[in-house]
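Examination of the molecular architecture
The residues making up each chain are set out below.
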Amino acid sequence: MTAKDADKATGVPSPLGGGPGLGAPGKTATTCTTCPYCGVGCGVLATPGPDGVEIQGDPDHPANLGRLCSKGSALGETIGPEGRLLAPQIDGRTGSWDEAIALTAAKFREAIDEYGPDSVAFYVSGQLLTEDYYVANKLMKGFIGSANIDTNSRLCMASSVAGHKRAFGSDTVPGTYEDLEEADLIVLVGSNLAWCHPVLYQRIAAAKAARPNMRVVNIDPRRTATSDLADMHLAIRPGSDVALFNGLLEEINAQGAVDAAFIGTHVAQFVETLETARRDNPSDTGLGMDELEAFYDLWVRTEKVVTVYSQGVNQSTSGTDKVNAILNCHLATGRIGHPGMGPFSVTGQPNAMGGRETGGLANMLAAHLELTDPLHRAAVRAFWDAPRMPEAPGLKAVDLFEACADGRIKALWVMSTNPAVSMPAANAVRDAIAACPFVVVSDLFADTDTARLADVVLPAAGWGEKSGTVTNSDRTISRQRPFLPAPGQTRPDWQILCDVAAEMGWGAAFTYSGPAEIFREHAALSGIAGSLGRDFDISGLSWITDTEYDALQPTRWPITASRTGGRFFGDGRFFTPDGRARMVPVEAKPLASPSTAEHPFVLNTGRVRDHWHTMTRTARTPRLSQHMAEPYAEIHPVDATRLGVRPADLLRIASRHGHLVARALITDRTAPGAVFVPMHWTSAWASDGRVDVAVAPKTDPVSGQPELKATPVSVQPYRPAWYAFAAATVEPNDQVLPGIGYWARAVTDTGWRIELAGDITPVCWESHAKLLFGAAPDNATVVLTDGKRGRTRVAVLGADGATLGVLFVDREPVEVARTHVVAGLATLSAPDLLAARPGAEMADPGPIVCACFNVGANTIADAVAAHGLTTIEAIGEATSAGTNCGSCRPELRAFLLPQIDKVAAE
Ligand code: SF4
């Protein structure tokens with residue numbers, strides 16, 4: 001029986017039945033595909049046309065129902081050919097595929113023959129499609145014979161995997177996105193959903209608007225855009241989540257909310273877990289008794305509660321314990337596996353879940369089978385007809401790069417990720433990659449911080465060009481479909497891997513006609529896993545034809561002959577040997593790296609609204625670059641005053657691992673003693689913006705996930721001799737200017753904007769400006785100088801008299817209307833540009849808040865004040881802000897507060 005027949009037999013909607021999957025009604029050129037950014041996994045309709053690719057949310061995709069966030073909406077602007085690597089690079093020169101594949105295979109073979117299989121490693125990515133992941137894992141674990149394949153998802157959700165396995169016996173996400181809308185209480189722990197999973201945030205916001213009695217609690221040391229939706233924000237001390245949820249477990253017990261029947265039959269270790277929980281003191285969270293009681297009461301008396309957690313929980317040296325502390329509360333109350341209730345781990349990357357399903361982590365096998373289980377190993381080995389199989393887990397991410405540094409790894413292949421930026425102690429990781437005898441990077445671009453270190457750089461096909469599947473946070477498998485031709489000599493990752501495997505002598509096991517055949521093999525292996533009692537079973541798709549694969553509709557797993565989708569654990573059956581879940585006794589632990597006199601601040605890292613990971617794609621579009629145009633550091637006003645930090649000063653933030661420089665953003669959203677810096681900036685976009693150079697490589701002992709939320713650092717103002725701001729129609733030479741101490745650049749609709757600072761004041765700013773804008777010595781200029789204040793303004797003109805660029809220099813942080821200057825490059829005369837203030841007839845929109853419609857903060861504030869606006873919808877009507885993707889809606893709330901206060905006072 002095929003999957004299609006099975007679906008008919010069981011009455012389950014067929015994942016195969018939705019037509020070709022290409023083309024919304026009436027749009028034959030439209031392709032249904034999936035967003036390549038976060039783990040929400042939104043469906044996207046892509047329509048190539050003469051003016052580029054039109055992007056819309058897919059109204060039929062169950063993850064987003066037509067919504068897209070700012071990043072998803074701008075996808076069409078990030079897929080141009082600029083900067084793409086189009087042919088293999090070998091030692092910095094262009095080579096052929098044959099040469100690159102032969103060299104890669106020979107170097108890996110040499111290392112394996114001389115030093116053994118564990119002398120080589122793959123570091124892969126949640127950006128890979130499931131089919132890529134499957135082939136990479138098969139090659140490393142089944143044929144090379146090592147488990148040294150790990151993924152950047154280790155940095156994202158490895159603690160959730162470990163916590164799930166300890167509690168459920170399997171890495172199972174129990175619930176679905178619909179639970180977020182059906183819950184009466186949503187508890188968001190360590191999750192800035194508004195910026196990191198915006199469409200899920202929008203779904204919750206819409207549900208709350210429809211059902212005002214729905215409650216949202218946000219648990220985060222930092223007040224974020226997500227907190228603004230919450231009825232209660234609990235600003236706990238960093239790392240104190242276990243104490244908070246152990247206190248909740250005690251309260252559940254004290255208030256008689258334990259589901260005795262459920263735990264009596266389906267859950268083990270309740271008594272010892274409760275006893276251990278009692279050793280913790282919830283006041284260690286730093287919360288007041290009133291806050292604790294309010295939260296505990298709300299949780300205990302609300303049956304339908306979903307606890308959503310992400311990186312704030314996972315990225316910790318006690319991340320796995322935090323996960324289990326949350327799961328313990330749901331297991332104790334039986335609030336799991338039913339509509340509107342359960343724990344819910346949301347993943348950062350588009351295919352973090354696919355990586356888990358295929359064994360992309362060094363401690364997993366494939367199809368959620370266990371590497372250390374001889375029965376599981378034998379089953380996979382037989383299925384693959386593999387010559388060898390490792391018996392022990394391989395090197396997890398942090399250990400893997402340490403093994404590069406100390407010489408154990410002789411050949412490394414990095415796929416679609418940028419560890420020289422994103423790993424903790426990133427400078428040490430950069431040096432480790434540089435020291436590795438042979439490094440291959442396959443990526444879209446050859447200029448990433450990591451690709452620059454490689455011996456061989458292989459051109460990979462990108463989003464819109466390759467075909468395969470991804471799995472989102474609620475287990476929904478969706479197709480990514482190509483709608484653009486692969487440029488130059490680029491190849492899909494699975495193809496590159498198969499080519500190397502064939503060159504190494506394993507061609508028979510790596511001959512696939514395309515991604516559909518790989519998917520069928522993956523699905524068939526999952527059927528074996530299912531027969532061994534594992535959760536991940538999509539064997540219902542083992543026999544799909546290529547045509548059915550092309551037409552595959554978004555489908556939540558499991559997908560078997562008897563079942564498609566749904567929730568897990570509602571029946572009380574878990575994937576442990578005795579079928580009972582495990583509550584796990586956990587105790588709060590102090591931060592692995594406590595603050596010291598030398599490093600008194602706690603460094604927290606995270607994402608911004610409009611950028612993705614190391615900005616290799618999102619920084620290419622002005623729309624996404626204007627919300628946050630340079631690296632910044634949130635610091636509390638009390639600390640700023642104590643350190644003498646003024647608004648827009650530069651901060652030097654240092655740990656014993658490295659330092660960064662970022663613009664000070666003084667705000668009480670960050671607690672005293674803490675500093676928050678986004679994770680995105682690389683050496684391509686800022687001189688010293690890589691925050692992970694300062695992050696300590698401390699890991700969770702169970703999951704191996706690094707602590708990215710609490711590194712002790714020092715914070716000092718960086719006082720350069722001068723500051724500057726520039727806007728240019730040409731790419732600036734900021735990186736080669738003499739005397740530069742700091743630079744950060746971003747693309748704009750009119751060219752570039754650049755922030756600069758330096759310790760040595762140039763003799764002639766006019767010459768400096770010409771050098772910055774690549775002008776000849778005889779290019780015309782307009783120069784304004786105020787020597788007393790140390791201010792100089794220079795406009796450099798091109799041969800046609802148009803302005804090439806303007807430079808504003810000051811002894812203090814430059815105060816000019818940046819949005820006005822950037823926009824004015826295209827229309828204003830040089831003198832008007834240097835005035836840097838809009839005339840009476842021209843309003844300065846201020847920093848851009850709504851990226852879709854270019855609506856600035858000044859425009860919004862003026863509209864609120866002028867029209868007495870009190871709702872986000874009213875702002876939308878007045879300015880259009882927030883009426884497209886909705887990603888800025890959490891920020892719009894802040895503009896309403898003065899007006900709401902005014903109305904209340906009246
Ligand atoms: Fe993409 Fe935004 Fe959806 Fe995430 S929420 S999948 S980034 S459109």
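Provided above is the structure to which this section pertains.
The structure displayed is predicted, hence computed values, not measured ones. (Residues numbered from 1 in each chain as written. Predicted model: local features only at pLDDT ≥ 70, side-chain atom pairs only at ≥ 80, totals over all residues. Heavy atoms only, no water.)

Per the secondary structure count, the protein includes 30 helices and 34 strands. Here the C-alpha atoms of the protein give a radius of gyration of 27 Å, agreeing with the 29 Å that 2.2 N^0.38 yields for 906 residues. If one aligns the C-alpha atoms of the protein with their principal axes, the spans along those axes are about 80 × 70 × 60 Å. The buried share of the protein, taken over its 906 residues, is 64%. Taking as baseline every contact in the protein between residues at least 6 positions apart, the subset at least 24 positions apart corresponds to 71%. Roughly 30600 Å² of accessible area belongs to the protein as shown, and the carbon and sulfur atoms make up 52% of that amount. Averaged over its 78 positive side-chain charges, the protein has a centre that lies 1 Å from the centre of its 101 negative ones. (Helix = DSSP H or I, 4+ residues; strand = E, 2+ residues; numbered from the N terminus. Rg over C-alpha atoms; globule rule 2.2 N^0.38 Å. Buried < 20%, exposed > 50% of the residue type's maximum accessible area, 1.4 Å probe, protein only. Contact = heavy atoms within 4.5 Å. Areas by Shrake-Rupley, 256 points an atom, 1.4 Å probe, with all protein chains shown as cover. Lys, Arg positive; Asp, Glu negative; His and termini not counted. Charge placed at Lys NZ, Arg CZ, Asp CG, Glu CD.)

Put simply, helix H3 (residues 97-115) and helix H20 (residues 493-506) touch, their axes get as near as 9 Å, and they point 55° apart. Classified by the angle between their axes, H3 and H20 sit oblique to one another. Between H3 and H20 lies a crossing of right-handed hand. When H3 is examined against H20, the residues Trp-97, Ile-101, Ala-102, Thr-104, Ala-105, Phe-108, Arg-109 and Ile-112 are found in contact with a partner set consisting of Ile-496, Asp-499, Val-500, Glu-503, Met-504 and Trp-506. The residue makeup of the contact of H3 with H20, split by class, is 10 nonpolar, 1 polar and 3 charged. (Axes fitted to C-alpha atoms, helices over the stretch in contact; angles between N-to-C directions. Parallel < 35°, antiparallel > 145°, perpendicular 65-115°, else oblique. Left-handed = near helix turned anticlockwise from the far one by under 90°. Nonpolar A, V, L, I, M, F, W, Y, C, P; charged D, E, K, R; others polar.)

Right, let's talk about empty space enclosed by the protein for a bit. Summed over the entire model, instances satisfying the criterion amount to 6 cavities of 30 Å³ or more. Taken as a whole, the largest cavity encloses approximately 90 Å³ of empty space. Of all the secondary structure elements, the ones that give two or more residues to the lining of the largest cavity are helix H2 (70-73) and helix H8 (198-210). Grouping the amino acids of the lining of the largest cavity by side-chain chemistry returns 9 nonpolar, 2 polar and 1 charged. There is about 70 Å³ of room inside the second largest cavity. Lining the second largest cavity, in full, are Thr-78, Ile-79, Gly-80, Arg-84, Leu-444, Phe-445, Gly-462, Trp-463, Glu-465 and Arg-617. Per-class residue counts for the lining of the second largest cavity are 4 nonpolar, 3 polar and 3 charged. (1 Å grid on protein atoms, 1.4 Å probe; cavity = no way out; pocket = protein on both sides within 12 Å on 5 of 7 lines; lining within 4 Å. Points joined across faces, edges and corners; volume = space filled by probe spheres on them.)

Tallying each qualifying case throughout the model produces 25 aromatic pairs. On the basis of an interplanar angle of 25° and a centroid distance of 6.2 Å, the ring pair of Trp-685 and Trp-752 is categorised as stacked. Within this pair, whereas Trp-685 is found in the loop between strand E25 (674-678) and strand E26 (711-718), its partner Trp-752 is found in strand E29 (residues 751-758), the two being separated by 67 residues in sequence. One exposure class covers both Trp-685 and Trp-752, and it is buried. Among the aromatic residues, ring-to-ring pairing joins Phe-168, Phe-536, Trp-557, Phe-568, Phe-569, Phe-574 and Phe-575 into one connected group. Between the NZ or CZ atom of Lys-138 and the centre of the ring of Phe-510, over which it lies, the distance is 5.1 Å. The aromatic ring of Tyr-115 is capped on one face by Lys-410, whose charged end is 4.4 Å from the ring centroid. (Phe/Tyr/Trp six-rings, centres within 6.5 Å; stacked < 30°, edge-to-face > 60°. Lys NZ or Arg CZ within 6 Å of the ring centre and 35° of its normal.)

A word on the sheet that holds strand E17 (residues 468-471). In spatial order, the strands read E17-E18-E19; together these 3 strands make up an open sheet with antiparallel pairing. Strands at the two margins of the open sheet, each flanked by one partner only, are E17 and strand E19 (555-556). Across 4 bridges, E17 lies against strand E18 (residues 476-480) in antiparallel orientation. Looking at the pairing, Val-470 lines up with Ser-478 of E18. (Pairing = 2+ DSSP bridges.)

Attention now moves to the sheet that holds strand E21 (residues 601-606). Taken in spatial order, the 6 strands of this closed barrel run E21-E25-E22-E24-E23-E26, and their pairing is mixed. Direction aside, neighbouring strands of the sheet carry axes that sit 45° apart on average. Note: strand E23 (residues 650-654) against strand E24 (residues 659-666), 5 bridges, orientation antiparallel. Its bridge partner lying in E24, Leu-650 is registered against Arg-663.

Quick look at the site of the ligand now. In the vicinity of the ligand, the residues found are Cys-35, Tyr-37, Cys-38, Val-40, Gly-41, Cys-42, Leu-68, Cys-69, Lys-71, Gly-72, Pro-198 and Val-199. More than half of the atoms belonging to the ligand lie within 2 Å of the grid points that define the largest cavity. Here the shell around the ligand is composed, by residue class, of 9 nonpolar, 2 polar and 1 charged. (Near = heavy atom within 4 Å. Sits in = over half its atoms within 2 Å of the grid points.)

On E17, burial covers both faces: Gly-468 and Val-470 on one face and Thr-469 and Thr-471 on the other are all buried. Hairpin connection between E17 and E18: a loop of 4 residues separates the two successive antiparallel strands, and Arg-475 in this loop has a positive phi of roughly 75°.

Grouped together as the largest cluster of nonpolar side chains are 114 residues, with contacts concentrated most on Phe-122, Ile-219, Phe-245, Phe-295, Trp-413 and Phe-510. Not counting the four nearest positions on each side in its chain, Phe-295 is found in contact with Val-187, Val-217, Ile-219, Met-232, Leu-234, Leu-244 and Phe-245. Of all hydrophobic cores here, the second largest spans 94 residues; its members include Met-214, Trp-722, Val-747 and Ala-795. (Core = buried A, V, L, I, M, F, W, Y, C linked by side-chain atoms within 4.5 Å.)

This part takes up the pairing of E23. Most of E23 sits out of view: 4 of its 5 residues are buried. Linking E23 to E24, which pair antiparallel, is a turn of 4 residues.

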